[in-house]
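# Summary of the model geometry
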Amino acid sequence: SGYDTAWPEALPGGEWVLATNWSTEQLGNQSGIIAVNPGTGEVRPILESLGGAQLPDMVRFAGGYLFWITADRTLMAAPFDPRALMKLSTRLRVC
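Residues numbered from 1 in each chain as written. Predicted model: local features only at pLDDT ≥ 70, side-chain atom pairs only at ≥ 80, totals over all residues. Heavy atoms only, no water.

## Some details on the overall build of the protein
From N to C terminus, the protein includes zero helices and eight strands. Going from the N terminus to the C terminus, the protein shows its helices and strands as β-β-β-β-β-β-β-β. Looking at the 95 residues of the protein, the share that counts as buried comes to 39%. Looking at the protein alone, contacts between residues at least 24 apart form 25% of all its contacts between residues at least 6 apart. Entry remark: accessible area of the protein is about 5,400 Å², with carbon and sulfur atoms responsible for 52%. (Helix = DSSP H or I, 4+ residues; strand = E, 2+ residues; numbered from the N terminus. Buried < 20%, exposed > 50% of the residue type's maximum accessible area, 1.4 Å probe, protein only. Contact = heavy atoms within 4.5 Å. Areas by Shrake-Rupley, 256 points an atom, 1.4 Å probe, with all protein chains shown as cover.)

Structural data, given as structure tokens:
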């Protein structure tokens, strides 16, 4: 399908799994974080269109925040409600 996923992590409740997602045809141009429901196969975008150095190497959920490390080794965070699975608009550079 032209996309790969990696770094899955189950969200609280066990219904959804977070993962990074990127285009295998244009690495870095189309990447982001998705939520997948393994029971239904439904996929919801959480953070889209990260490019270049913003490609997430890993994503984790803790304390109401998503944390991810970019390809240039920047730790990023964003508030996240795992029940609502809302797209992220606020991104914070942690270090």
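Having put the structure on the table, let's press on.
## Remarks on the environment of L85
Looking at the secondary structure, you find L85 in the loop between β7 (75–79) and β8 (92–93). According to the relative accessible area criterion, L85 is buried, its value standing at 6%. For the pair L85 and P45, spaced 40 residues apart in sequence, the C-alpha separation works out to 8.6 Å. Ignoring anything within four residues of it in the chain, the contact list for L85 reads L11, W16, A35, R44, I46 and F80.

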